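# Remarks on the overall topology
The chain contents come next:
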Amino acid sequence: PTIFLDMLSSSVQKCQVPRMGSMAPLARRGPGIRSLTSSSARAVPSRRSGLVMKDRSSNLVASSGKQVVVGGEVVYTTMDDEDVLASSGGDAIGGGGVFASDARKSLEAVDPTLRTDLMSSATVMSQVMDQNAWERHRSSLRFFRVFFNVFSSTVFKRIFVPSLLPVAIAVATCLLGWPVKPINALPFSIGGGLVSFMLVFRTNSGYGRFVEGRILWGTMLNTLRDVGRVAATYSTPSTRMLAMRVICLAECFAWLLKTHLRQGRTVGFGKHSLPEDKDTATPRVIEAMKPMGEAGAQDIKRLTEDCPHGPLICMILLTDACKKLITEAKLPFDAATELQKYIQILGGCLGGSERILKTPIPQSYTRHTGRVLMMFLCSLPLTLTPVMGWSVVPAVFILSYALMGVDEIGIELEEPFATLPLAPISTTVRNNLKSTRELMMEGI
């Protein structure tokens, strides 16, 4: 679809704005980008098999081993399974027969700062779904699958310890044989309705934030595609490098926004956390700007060195690149307006994401819901023990698991960027803009 839109847009604009001369096919590498096998490049040993070609003047490299070298050191190695995770038919996302823990391990390998401790083993929350995954998702056998996997459920593991308090009270009432007669159940009937209402509101609020976060990232994905489409189709042979800069910066924006929303998050949590492995966009920015060659060195420096707000700086650079492209390529008024509108939309996606991240559901409501829920569950044995005897113990545990689980799901959904598939979406941006860039260099 992306290639089709690029070709359609190019055809329409050629009909509307005829150009002088023919558009001869250009080399994929484009003007102004020196070959890595030129005299300015040299081979340096790679930690993997093969050689890495390094430019002496810019320190930017490309290699068959998909490694990025800066200052003589391999700072980043692209991962082969990233494309699989971002594509619609990848095995790692549950689309080709690999499910359950394999999917979670693959996601964690590609996106180390993803909160896999908030995802079940057969998670779909952080995946890009395809038809095979949807078929499994709606299979009638799912009831058996989820029932027998309950002990591997993330929700079960997270609420198991809190649920032991009501169970302990139930055991104590059975051992003491108190109360002898059941307490009037009317308060519990009224309280049960109140607890249900509070949990529904809590979960709906969290789900609304989750959906809004996904919509914002979907809007960002579509907008970056449009930026690349307009820049590529309206560029002239003499302004190819200006359009290239626009496309490269558009890709950088996705990676920088991902890092910005997970800023400070480390790999692993609790006693297994690794503070030195914080999420960083530097390797991604270097890789995205690689087609620019030496011309992109200044942009890389601005986006990686002491950058207080990566997405905002990238938007400023992207605005500057669009302005130069509009001026040099003499873009029509509608195309120039579109580019400016797209940048405004990206700013809205940035602001909306920051709003969700920095403003939780009022914590007083979260605390009050937890207190009321715990008091309700802990008082249940007082009315159930005289009637049910020792069977009250598993009954209270099941009720605690059900009600606490709903509250836990609402907590997990409240901050969506911890579990949304930000890395696969960003990789989709990279792949789409790469196709756009290749078509542009071929003259479309």
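Residues numbered from 1 in each chain as written. Predicted model: local features only at pLDDT ≥ 70, side-chain atom pairs only at ≥ 80, totals over all residues. Heavy atoms only, no water.

Scanning the chain from N- to C-terminus turns up 15 helices and five strands. Counting only residues that meet the buried cut, the chain has 46% of its 444 residues in that class. Looking at the chain alone, contacts between residues at least 24 apart form 75% of all its contacts between residues at least 6 apart. (Helix = DSSP H or I, 4+ residues; strand = E, 2+ residues; numbered from the N terminus. Buried < 20%, exposed > 50% of the residue type's maximum accessible area, 1.4 Å probe, protein only. Contact = heavy atoms within 4.5 Å.)

Attention now moves to the packing of aromatic side chains. For any two aromatic rings, the description comes down to two numbers: the centre-to-centre distance and the angle of the planes. For the structure on display, the rule yields eight aromatic pairs. When the ring of Phe201 is compared with that of Tyr365, the centres are 5.0 Å apart and the planes differ by 65°; the resulting orientation is edge-to-face. Separated by 164 residues along the polypeptide, Phe201 in helix α7 (residues 186-233) and Tyr365 in helix α13 (residues 363-388) bring together distant segments of the chain. Accessibility expressed as a relative area gives 41% for Phe201, which makes it partly exposed. (Phe/Tyr/Trp six-rings, centres within 6.5 Å; stacked < 30°, edge-to-face > 60°.)

Taking 1.5 Å of rise per residue, 20 residues should cover 28 Å, and helix α15 (residues 422-441) covers 29 Å from first to last C-alpha, within 8% of that figure. Along α15, 16 of the 20 residues are buried, which leaves the element largely enclosed by surrounding structure. (Expected span 1.5 Å × (residues − 1).)

Time to look at unusual backbone geometry. Cis rather than trans, the peptide bond between Trp178 and Pro179 has omega equal to 0°. On the secondary structure map, Pro179 appears in the loop between α6 (154-176) and α7. Not every positive phi belongs to a glycine, and Asp306 is a case in point at roughly 50°. Residue placement: Asp306 occurs in the loop between α10 (297-304) and α11 (310-329). Asp306 gets classed as exposed once you look at its relative accessible area, which sits at 78%. Non-glycine residue Lys330 carries a positive phi angle of around 55°. If you trace the backbone, Lys330 turns up in the loop between α11 and α12 (333-358). Since its relative accessible area comes to 71%, Lys330 is described here as exposed.

With that out of the way, let us pick up the packing of helix α8 (residues 240-261) against α11. Axes are the key here: two packed helices are described by the angle between their axes and the distance separating the axes. Two numbers describe how α8 lies on α11: the axes approach to 9 Å, and their chain directions differ by 165°. Regarding the angle of α8 to α11, the classification is roughly antiparallel. As α8 packs across α11, the resulting crossing turns out to be left-handed. Taking contact as the criterion, the partners of Leu242, Ala243, Arg245, Val246, Leu249, Ala250, Cys252, Phe253, Leu256, Leu257 and His260 in α8 are, on α11, Gly310, Pro311, Cys314, Met315, Leu317, Leu318, Asp320, Ala321, Cys322, Lys324, Leu325 and Glu328. (Axes fitted to C-alpha atoms, helices over the stretch in contact; angles between N-to-C directions. Parallel < 35°, antiparallel > 145°, perpendicular 65-115°, else oblique. Left-handed = near helix turned anticlockwise from the far one by under 90°.)

Met220 and Phe253 are the most contacted members of the largest nonpolar core, which totals 61 residues. Broken down by secondary-structure element, the contributors of at least two residues to this core are α7, α8, α9 (282-288), α10, α11, α12 and α15. Per element, the largest residue contribution to this core is 14 residues, and it comes from α8. Residues contacting Phe253, with those up to four places away along its chain left out, are Met220, Leu224, Pro311, Cys314, Met315, Leu346 and Leu350. Within the second largest apolar cluster, 13 residues are counted, among which are Val155, Val195, Leu373 and Leu377. (Core = buried A, V, L, I, M, F, W, Y, C linked by side-chain atoms within 4.5 Å.)

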